Amino acid sequence: MRIKLHDKEFDLTIPSKRIQDAVQDMADDINAQLFGKDVVFVAILNGAFMFAADLFKRIEFNAQISFIKFASYEGTKSTGNVKKLIGLNEDLSGKTVVILEDIIDSGITMEKIVDQINELNPEEIRIASLLVKPDAFMKNYSVDYIGMEIPNDFIVGYGLDYDGLGRNLTAIYTSSDAEQNNIIEKVKYFLLFGPPGSGKGTQSKKIIEKYNLVHLSTGDLLRKELESNSRLGQIAKKHMNKGGLVPDDIILGMVAKEIDANKGTKGVVLDGFPRTVEQAKSLDKLLFNKNYEISAMFALDVEEDELVKRLLERAKIGGRVDDTPEIITKRIQTYKMTTAKVAEYYNEQGKLHEINGMGDIDNISDEISKVIEAISQK
Ligand code: AMP
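Residues numbered from 1 in each chain as written. Predicted model: local features only at pLDDT ≥ 70, side-chain atom pairs only at ≥ 80, totals over all residues. Heavy atoms only, no water.

**What about the overall build of the protein chain?**
Which entries qualify depends on this criterion: Only runs of H or I of at least four residues qualify as helices and only runs of E of at least two qualify as strands under DSSP, and these elements are numbered from the N terminus. Remark: exposure states derive from per-residue accessible area (1.4 Å probe, protein chains only) relative to the maximum for the residue type, with buried under 20%, exposed over 50%, and partly exposed in between. Throughout, a contact is declared for two residues whenever any of their heavy atoms are within 4.5 Å. Only the protein chains shown count as cover for residues, and the accessible areas themselves come from Shrake-Rupley with a 1.4 Å probe.
Along the protein chain, the regular secondary structure elements total twelve helices and 16 strands. Along the first, second and third principal axes, the C-alpha atoms of the protein chain reach 80 × 45 × 30 Å. Residues counted as buried form 47% of the 378 residues belonging to the protein chain. The contacts in the protein chain between residues at least 6 apart in sequence include a share of 72% that link residues at least 24 apart. For the protein chain, the exposed surface amounts to about 19,100 Å²; the carbon and sulfur share of it is 49%.

Next comes the structure, spelled out in structure tokens:
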């Protein structure tokens with residue numbers, strides 16, 4: 001859904017139900033952790049009024065609330081020019097202060113608020129922010145309660161405004177203006193998916209050359225770790241030599257690093273990742289926080305006899321240590337038991353493109369190219 005405020009258009013990005021669920025989760029944590037303490041909630045006006053009201057309704061112990069005011073926004077960009085706080089007159093000694101903020105953007109405003117509240121000698125200060133922009137956040141203090149992380153875009157609604165309008169909206173809307181969101185061109189992410197031996201590596205190489213993309217193969221990254229005999233490599237080896245999967249946390253750490261390293265590129269082809277639904281969910285979250293998303297998944301379909309034949313052929317030409325008949329069988333089994341479900345996950349998002357992987361290599365890559373070009377023209 002698109003709305004217009006003044007001269008700008010905004011698209012619905014966070015529905016009100018998701019906001020309310022996030023507020024409930026934050027209230028649950030606060031109720032569990034701060035029950036029995038002498039708590040003063042301090043809401044930062046104007047933006048936090050709606051969040052503060054919704055959260056405070058859900059607080060199940062006796063507590064006070066105060067509102068302080070402070071103007072740092074002029075138009076759509078944070079000025080970094082923070083003025084003095086007004087409205088906090090209570091004695092805070094011995095109290096637990098929970099600062100309620102709608103959004104932490106650069107973090108400069110929050111740092112000044114914490115400094116000024118600290119002068120009133122509270123026992124402790126905690127920070128609760130409905131929204132946090134991790135990409136824009138420059139400060140080194142922790143936010144104790146976070147509703148959700150969002151990309152570095154300009155948003156309105158649920159207390160947040162664009163030049164005075166939009167505060168009454170119960171959902172959150174994102175500006176459709178790329179310049180305002182600091183997006184020049186989004187990095188596109190393509191997934192090359194399929195069982196071992198289906199041609200993921202071969203097709204990845206063709207696509208990255210044709211479109212000048214970056215190849216990110218978790219199998220290749222792991223083999224490098226094995227070669228250097230790193231601690232990570234030693235752990236991975238145990239799983240790879242049995243045809244099983246390397247634990248998700250190792251894989252996700254590796255991928256997150258690579259995604260950060262490839263920020264300025266046109267696009268990335270992910271080969272051999274994600275291999276579990278958990279990995280897929282984590283990847284979606286990671287990309288969402290950076291304002292990227294998966295553009296398409298290409299699932300190569302190849303008959304099992306052909307897979308085994310190809311992998312045994314590869315073994316003959318000095319292939320990989322895991323290309324033995326025994327490990328091949330196990331890898332195919334792992335694919336069927338665990339990895340195949342990932343295709344269903346992306347099918348539900350309408351991103352799955354099934355490709356017949358049995359034919360000629362160039363024909364297969366033409367099929368993939370057609371989809372990539374259609375997406376690029378959108
Ligand atoms: P590949 O080169 O993609 O066939 O990967 C070789 C081996 O590395 C696999 O059999 C797994 O043991 C491991 N591996 C590669 N990617 C992943 C991943 N995304 N998750 C878990 N294990 C992986």
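**So, the packing of aromatic side chains**
Heads up, the rule is: Geometry of aromatic contacts follows a simple scheme: Phe, Tyr and Trp rings, the Trp one being its six-membered ring, pair when their centres are within 6.5 Å, and the pair is stacked under 30 degrees between planes, edge-to-face over 60, tilted otherwise.
All told, the structure shown has eight aromatic pairs when counted by the stated rule. When the ring of Tyr189 is compared with that of Tyr292, the centres are 5.8 Å apart and the planes differ by 35 degrees; the resulting orientation is tilted. Taken together, the residues span a long stretch of sequence, with Tyr189 in strand β12 (residues 188–193) and Tyr292 in the loop between α8 (277–289) and β15 (293–301) at a distance of 103 residues. When its relative accessible area of 0% is taken as the criterion, Tyr189 is described as buried.

**So, the sheet that holds strand β11 (residues 172–175)**
Let me state the cut-off plainly: Strands were regarded as paired on the criterion that DSSP finds at least two bridges between them.
Ordered by their spatial adjacency, four strands build an open sheet running β1-β2-β11-β10, and the pairing between neighbours is antiparallel. One side of each edge strand has no neighbouring strand; the edge strands of this open sheet are β1 (2–5) and β10 (155–156). When β10 meets β11, the two strands line up antiparallel, connected through two bridges. Its bridge partner being in β11, Ile155 is matched across the sheet by Thr174.

**Considering the site of the ligand**
As a reminder of what qualifies: Put simply, a residue is near a molecule or strand once any heavy atom of it comes within 4 Å of that molecule or strand. We call two N or O atoms a polar contact when they sit within 3.5 Å, provided that within protein one can donate a hydrogen and the other can accept it, with sequence-adjacent residues counted only if both atoms are side-chain atoms. Only protein atoms enter the 1 Å grid, on which a cavity is a set of points fitting a 1.4 Å probe that cannot get out and a pocket is an open set with protein on both sides within 12 Å along at least 5 of 7 lines, lining residues being those with an atom within 4 Å of a point. The rule for placing a molecule in a cavity or pocket is simple: more than half of its atoms must lie within 2 Å of the grid points. Under the scheme applied here, ten amino acids are nonpolar (Ala, Val, Leu, Ile, Met, Phe, Trp, Tyr, Cys and Pro), four are charged (Asp, Glu, Lys and Arg), and all others, including Gly, are polar.
Taken together, 16 residues form the shell around the ligand, and within it Thr218, Arg223, Gly244, Arg275 and Gln279 come nearest. Between the ligand and Val246 there is a distance of 3.0 Å, counted from a nitrogen atom to a backbone nitrogen or oxygen. Contact with the protein chains removes 96% of the 480 Å² of surface that the ligand exposes when unbound. Cavity membership is defined here by more than half of the atoms lying within 2 Å of grid points; on that basis the ligand lies in the largest pocket. Looking at which element gives the most residues to the shell around the ligand, the answer is helix α5 (residues 218–227), with four residues. Residues belonging to the shell around the ligand are distributed by class as follows: six nonpolar, five polar and five charged.

**What to know about the layout of surface pockets**
Leftover empty space is mapped by rolling, across the atoms, a probe with the size of a water molecule. Formally: Grid points are joined across faces, edges and corners, and a volume is the space filled by probe spheres set on the points.
As a volume, the largest pocket reaches approximately 1,100 Å³. Around the largest pocket, the lining comprises 47 residues; the ones closest to its centre are Gly197, Lys200, Arg314, Arg320 and Arg331. Of all the secondary-structure elements, those providing two or more residues to the lining of the largest pocket are β12, α4 (200–211), β13 (214–217), α5, α9 (304–316), α10 (325–339) and α12 (361–377). Its residues placed into classes, the lining of the largest pocket shows 15 nonpolar, 19 polar and 13 charged.

**Notes on the pattern of salt bridges**
For clarity, the threshold we go by: Between Lys or Arg on one side and Asp or Glu on the other, a salt bridge is scored when a side-chain nitrogen of the former is within 4 Å of a carboxyl oxygen of the latter.
This model, assessed by the stated rule, comprises 22 salt bridges. Arg2 is the salt-bridge partner of Asp11, the closest N and O atoms lying 2.8 Å from each other. Residue classification places Asp11 among the partly exposed positions, given a relative accessible area of 24%. On the accessibility criterion, Arg2 (48% relative accessible area) is partly exposed. Here Glu124 and Lys37 are joined by a salt bridge, their closest N and O atoms 3.2 Å apart.

**A closer look at the domain arrangement of the protein chain**
Quick note on the threshold: An automatic or database domain assignment supplies the residue ranges for each domain. Summed over both partners, buried area is the accessible surface (1.4 Å probe) that two parts give up on being assembled.
Entries for the protein chain in the domain assignment read domain 1 (2–175) and domain 2 (188–377). A C-alpha centroid distance of 40 Å is found between domain 1 and domain 2. The interface is formed by five residues belonging to domain 1 together with four residues belonging to domain 2. Across the domain 1 to domain 2 interface the summed buried area is about 500 Å²; carbon plus sulfur atoms make up 44%. Linking domain 1 with domain 2 are zero salt bridges.

**Some remarks on the pairing of strand β2 (residues 8–14)**
Note: β1 against β2, four bridges, orientation antiparallel. Within β2, the position partnered with Lys4 by the bridge is Glu9. Adjacent in sequence and paired antiparallel, β1 and β2 are bridged by two residues, among which His6 carries a positive phi angle near 50 degrees. Pairing analysis gives four bridges linking β2 to β11, with the strands arranged antiparallel.

**Section: α9**
What counts here: Helix span is expected to be 1.5 Å times the residue number reduced by one. Throughout, the arc means that of the directions going from the helix axis to the C-beta atoms.
Taking 1.5 Å per residue as the helical rise, α9 with its 13 residues ought to reach 18 Å, and the 19 Å between its terminal C-alpha atoms agrees with that figure. Those residues of α9 that sit buried are Glu306, Leu307 and Leu311. When α9 is viewed along its axis, its buried side chains cluster within an angular range of 130 degrees and face the same direction. Opposite the packed face of α9, turned more than 90 degrees from it, sit the exposed residues Asp305, Lys309 and Lys316. Residues of α9 that are buried sit in contact with α10. Immediately beyond the C-terminal end of α9, within one or two residues, lies Gly318, with a positive phi of roughly 70 degrees.

**Describing α8**
Its 13 residues give α8 an end-to-end C-alpha distance of 18 Å, which sits within 8% of 18 Å, the value for a rise of 1.5 Å per residue. Within α8, the full set of buried residues consists of Gln279, Ala280, Leu283, Asp284, Leu287 and Asn289. For α8, the secondary structure elements touched by its buried residues are β9 (145–149), β12, α7 (248–261), β14 (267–271), β15 and α11 (341–348). Positive backbone phi, approximately 70 degrees, marks Asn291, located one or two places after α8.

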